[in-house]
Amino acid sequence: MSIYDNLNEPQREAVFHTDGPLLILAGAGSGKTRVLTHRIAYLIEERGVSPWNILAITFTNKAAGEMRQRVDNLVGYGAESIWVSTFHSACVRILRRFIDRLGYDNRFTIYDTDDQKTLIKEVCRQTDIDTKKFKERMLLSVISSAKNEMILPDEFELNAGGDFAQQKIARAYREYEARLKANNALDFDDLLVKTVQLLDTQPDIRENYQERFRYIMVDEYQDTNTVQFKLVSLLAGKYRNLCVVGDDDQSIYKFRGANIRNILDFEKEYPDAKVIKLEQNYRSTENILNAANSVIRNNRGRKDKTLWTANGTGEKICLRQFDTAYDEADFIASDVSDEVREGAAYKDHAVLYRTNAQSRILEEKFVAMNIPYKIVGGINFYARREIKDILAYLKTIDNGRDDLAVRRIINVPKRGIGQTTINRIQESASQRGIGFYEALMAPGLIPGVGRSASKLDSFAALIEYFKGQAQRESLTDLITEIIEKTAYIENLDADDPEDAQARIENIDELVSKAAAYEEDCADRGETGTLGGFLEEVALVADIDSLDENQDYVVLMTLHSAKGLEFSHVYLAGMEDGLFPGYMAITADDREELEEERRLCYVGITRAEEKLTLTCARRRMVRGETQFNRMSRFVMEIPAEILDTGTFRAEKDVEPPARDTYRNAREAFRTRPFAGSYPGKKADENNAFSALQKGSQLAAKPEGGLSYGVGDRVRHVKFGEGTVLDIREGGRDYEVTVEFDGAGTRKMFAMFAKLAKV
DNA sequence: CGGTCACCAGTTTTT
DNA sequence: CTGGTGACCG
């Protein structure tokens, strides 16, 4: 009996097809990681491939760590020399060795989103760009897209032509790049771009890596962008042993430049590619899978595949609507609590939502009910102010050329060095073409700093002292010493005693992370370096901190949930306007809605045994109340696999003014979307106006229905039918309809959207 | 130079 | 409701 025996047929085929391009279309939960790890094992043990020649690329460190773990378990020996890493860390590794060929210092620092923002702000100030007209956010996103498409400033400017706005952006882009280089820094996109440039322009380096990585595997291929595609093509260019795994239905990072064409056109790019579909799902129950399939079916232009499972039918999908997000959170927390009382573990539960902002109310409830939870995402740990401060010290010590870091800490804690002084140093530095820190070392040469000179001297002396210490003591000791010598914690306390406690805890955690890093290095027989630590820290995502061994409920966005699975998943905030988001609904680009739908598909398929969908009728967004109808994605799930429970009767009656408002809004909202369903017929607008007229004539109380018992109605999915019964259930009406083609169904009027014929 | 007050703008999603 | 920014005063 071999380790390959418990793979199914297509899985085995994928494992054994080792040479030449291979595309594995792996539906959700179809065991793709299993295939990848077994494939690696097979390459090493059966095909005699050296582990050294294998590269496996994932998107997150967590995925990389898991894959490495599983490979270790399968392959007895030599697994540690396989490169299993994320795109970004693989690139950093290459760049640390060779980026000097592109005129950078190999000790470059990596800028995170925060740093990018600071930098672009500076650029705007200097190049007289009105940040009212060109938002920093927008500039950065344009620059990022350009980089993702490998468009450098020169080409960008060329493309701009006579367009004034584009020219302005081109100028910002150019200046931004210049500043990065001057600071010896790279942003996230640069890590990819520079690596591609390096491989593109330096034949010997390209050759070197092509020889090394004879077998390449890429996970989550549907989320690769153009640079990543280019990188992979370059690396695989010689041996063409490229195996990509992905699911076009789970492509959810278009906003970040992911190009779904990479996976859809793989066969065009590699005409000799073998294509294998993995369609058996091992994760979810039949009901969950059916829900997922019937949602994703509404998308066009996807690779045809149908997931099936040998698992049982399972429970129905639970659907609950609440008055407010508060009630929704209350329900979820109590439900988790109930299940845990019945023997489930907290960690079997995950709550997924569209936007990070939704986590707050949930968190409050979880705290109130004493349920252990972990929120993934939101503000990255390393983006917190106190952490960034300490890191800025470390960066300054490590690479004096990172102006941003120096400026961040020059007056933190307060040293009486103000904005004017900082500006004067900057000016003088720019004029002389030297770095900020370099200029600051000799304050005497800077005109106008006079009184501050001594303060600058002592700051420089402090940094220089730390630089010396960095050579002598361990990383953890260095950090501790920085905190002590700068009296950082004392100042924190003085500034705002409110948050001080939490911030101190964060700093403690940073120290333990540094200790863990050093220990890690020691295990591998290396000495942890300051640079190495900074690098690791720059490339972690919040999701990486998720720990399966801890018993807590996980709260996160749908995006973060990709690749994970839980026995019970709650999808919160299933409301039109929230999910799918307002932007996607109003956009005239069909693609945007389809991306949201894929996101929904990802969410549903995270569930193994039970799926609960919740939504609220009204919700506070930015201080004002929004009234949302149930998400259109919920409507796409067949009614017979939904358990809608009994909607609770109203405890508190809403003021009538609100109701009127809601009705008006809903009427308004219905109209633009009425025509957006596939298979719309020409006379549907007439049916719609009949509904409008009907509701006026019928003039029923409580928002009224436009049809009564015995009327003929039309349903978007089930077609025409006759109303058999209408019963009042809570706030909504339960309507029984005998459909001509789809049998008799009970449904809630509110989301059945029946129109009188 | 630094602190305080008032106003304004903003929200997907993240390596 | 937040966080960030800008103006004014001590």
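Structure first, text after, so check above.
Rules behind the numbers
Residues numbered from 1 in each chain as written. Chains lettered and ligands numbered in written order. Predicted model: local features only at pLDDT ≥ 70, side-chain atom pairs only at ≥ 80, totals over all residues. Heavy atoms only, no water. Near = heavy atom within 4 Å. Polar contact = N/O pair within 3.5 Å; in protein donor to acceptor, adjacent residues only side chain to side chain. Nonpolar A, V, L, I, M, F, W, Y, C, P; charged D, E, K, R; others polar. Salt bridge = Lys/Arg side-chain N within 4 Å of Asp/Glu carboxyl O. Helix = DSSP H or I, 4+ residues; strand = E, 2+ residues; numbered from the N terminus. 1 Å grid on protein atoms, 1.4 Å probe; cavity = no way out; pocket = protein on both sides within 12 Å on 5 of 7 lines; lining within 4 Å. Points joined across faces, edges and corners; volume = space filled by probe spheres on them. Expected span 1.5 Å × (residues − 1). Buried < 20%, exposed > 50% of the residue type's maximum accessible area, 1.4 Å probe, protein only. Arc of directions from axis to C-beta. Contact = heavy atoms within 4.5 Å. Pairing = 2+ DSSP bridges. Axes fitted to C-alpha atoms, helices over the stretch in contact; angles between N-to-C directions. Patch = residues over 30% accessible without salt bridge, like charges linked within 9 Å, V, L, I, M, F, W, Y side chains within 5 Å. Areas by Shrake-Rupley, 256 points an atom, 1.4 Å probe, with all protein chains shown as cover. Lys, Arg positive; Asp, Glu negative; His and termini not counted. Charge placed at Lys NZ, Arg CZ, Asp CG, Glu CD. Parallel < 35°, antiparallel > 145°, perpendicular 65-115°, else oblique. Left-handed = near helix turned anticlockwise from the far one by under 90°.

Asks: Which residues make up the protein's contact with DNA strand B, and what values do they have?
Replies: Around DNA strand B, a shell composed of 24 residues is seen, among which Lys-135, Arg-354, Thr-420, Thr-421 and Arg-622 lie nearest. Protein-proximal atoms of DNA strand B, defined as those within 4 Å of the protein, fall in sugar or phosphate at a share of 63%. In the model, a phosphate oxygen of DNA strand B is placed 3.3 Å from a nitrogen or oxygen of the Lys-135 side chain. At 2.9 Å from a phosphate oxygen of DNA strand B is found a main-chain nitrogen or oxygen belonging to Asn-356. Of the residues that constitute the surface near DNA strand B, the class distribution is seven nonpolar, 11 polar and six charged.

Asks: Quick one: what's the story with the pattern of salt bridges, residue by residue and with numbers?
Replies: Tallied over the entire structure, the rule returns 56 salt bridges. Of the charged contacts in the structure, one is a salt bridge between Glu-122 and Arg-407, with a shortest N-O distance of 2.2 Å. With Glu-122 in helix α5 (residues 113-126) and Arg-407 in helix α18 (residues 403-409), the pair connects residues that are 285 residues apart, well separated along the chain. Here Lys-485 and Glu-481 are joined by a salt bridge, their closest N and O atoms 3.1 Å apart. One end of the pair, Lys-485, and the other, Glu-481, are both in helix α22 (residues 475-485), four residues apart, so they sit about a helical turn from each other.

Asks: Tell me about empty space enclosed by the protein, and please be specific about residues and values.
Replies: To find leftover empty space, a probe the size of one water molecule is rolled over the atoms. Applying the stated rule across the entire model yields two cavities of 30 Å³ or more. Counted as a void, the largest cavity has a volume near 60 Å³. Contributing to the lining of the largest cavity are Ala-325, Glu-328, Ala-329, Gln-358, Ile-361, Leu-362, Ala-572 and Arg-619. Examining the composition of the lining of the largest cavity, we find that three residues originate from one element, helix α15 (residues 325-341), more than from any other. Looking at the lining of the largest cavity, its residues break down into five nonpolar, one polar and two charged. Size it by volume and the second largest cavity reaches roughly 40 Å³. Mapped onto the lining of the second largest cavity, the elements with two or more residues apiece are β2 (54-58), α4 (87-98) and α11 (226-236). Per-element accounting of the lining of the second largest cavity gives the leading share, three residues, to α4. For the lining of the second largest cavity, the class distribution of residues is nine nonpolar, no polar and no charged.

Asks: Please give an account of helix α19 (residues 419-432) that cites residues and values.
Replies: Over its 14 residues, α19 extends 20 Å from the first C-alpha to the last, a length consistent with the 20 Å expected when each residue adds 1.5 Å. Of the residues making up α19, those classed as buried are Thr-421, Ile-422, Ile-425, Gln-426, Ser-428 and Ala-429. Axial view of α19: buried residues confined to an arc of 165 degrees, hence all on one face. Opposite the buried face of α19, at more than 90 degrees from it, the exposed residues are Gln-419, Thr-420, Glu-427 and Gln-431. Residues of α19 that are buried make contact with α18, α20 (436-441) and α21 (453-472).

Asks: Describe the sheet that holds strand β8 (residues 274-278), with residues and values.
Replies: Strand order in the open sheet formed by six strands is β3-β2-β6-β7-β1-β8, and the pairing between neighbours is parallel. Of all the strands in the sheet, just β3 (83-86) and β8 have a single pairing partner and so form its edges. Taken pair by pair, the neighbouring strands of this sheet meet at an average axis angle of 15 degrees, ignoring direction. With three bridges connecting them, strand β6 (residues 215-218) and strand β7 (residues 242-246) associate as parallel partners. Paired with Met-217 across the two strands is Cys-243, which belongs to β7. Of the strands in this sheet, β2 and β3 are in contact with helix α3 (residues 61-74), which crosses β3 at around 160 degrees. Its contacts with the sheet place α11 against β2, β6 and β7, and it is angled at close to 160 degrees to β6.

Asks: Can you tell me about a positive patch on the surface, naming the residues and giving the values?
Replies: The grouping of Lys-117, Lys-121, Arg-125 and Arg-137 at the surface amounts to a positive patch. When residues of the positive patch are assigned to their parent elements, the largest contribution, three residues, is made by α5. Tracing the backbone through its elements, the reader meets Arg-137 in helix α6 (residues 136-148). Accessibility expressed as a relative area gives 70% for Arg-137, which makes it exposed.

Asks: Go over helix α8 (residues 164-182) with me, naming the residues and quoting the values.
Replies: Between the first and last C-alpha of α8 there are 27 Å, a value that for 19 residues agrees with the 27 Å anticipated at 1.5 Å per step. All buried positions along α8 are accounted for by Ile-169, Ala-170, Ala-172, Tyr-173, Tyr-176, Glu-177, Arg-179 and Leu-180. Where α8 is buried, its residues contact β4 (109-111), α5, α6, α7 (153-160), β5 (185-187) and α9 (188-201). With a side-chain oxygen lying 3.0 Å from the backbone nitrogen of Ala-165, the N-terminal cap of α8 falls on Asp-163. Within two residues after α8, Asn-184 carries a phi angle of roughly 55 degrees, on the positive side.

Asks: Give me the environment of Phe-566: which residues, what numbers.
Replies: With respect to the helices and strands, the residue Phe-566 is situated in strand β15 (residues 566-571). Since its relative accessible area comes to 8%, Phe-566 is described here as buried. Note: C-alpha distance between Phe-566 and Asn-259 (307 residues apart in sequence) is 28 Å. Beyond its immediate stretch of four places on either side in the chain, Phe-566 contacts Lys-347, Asp-348, His-349, Ala-350, Val-554, Met-556, Arg-606, Ala-607 and Glu-608.

Asks: Now, about the side chain of Asp-403: what can you tell me, with residues and values included?
Replies: Along the chain, Asp-403 turns up in helix α18. Those residues in contact with Asp-403 that lie beyond four places of it in its chain are Tyr-111, Asn-183, Gln-426, Gly-435, Phe-436 and Tyr-437.

Asks: Please provide a residue-by-residue account of the packing of helix α17 (residues 385-398) against α22, values included.
Replies: Interhelical geometry of α17 versus α22 gives an angle of 115 degrees and a closest axis separation of 11 Å. The angle between α17 and α22 falls in the class roughly perpendicular. Seen from above, α17 lies across α22 with right-handed handedness. For the pair α17 and α22, the contacting residues are Ile-390, Tyr-393, Leu-394 and Ile-397 in the first and Leu-478, Ile-479, Ile-482 and Ile-483 in the second. Each residue belonging to the contact of α17 with α22 can be placed in one class, and the counts come to eight nonpolar, no polar and no charged.

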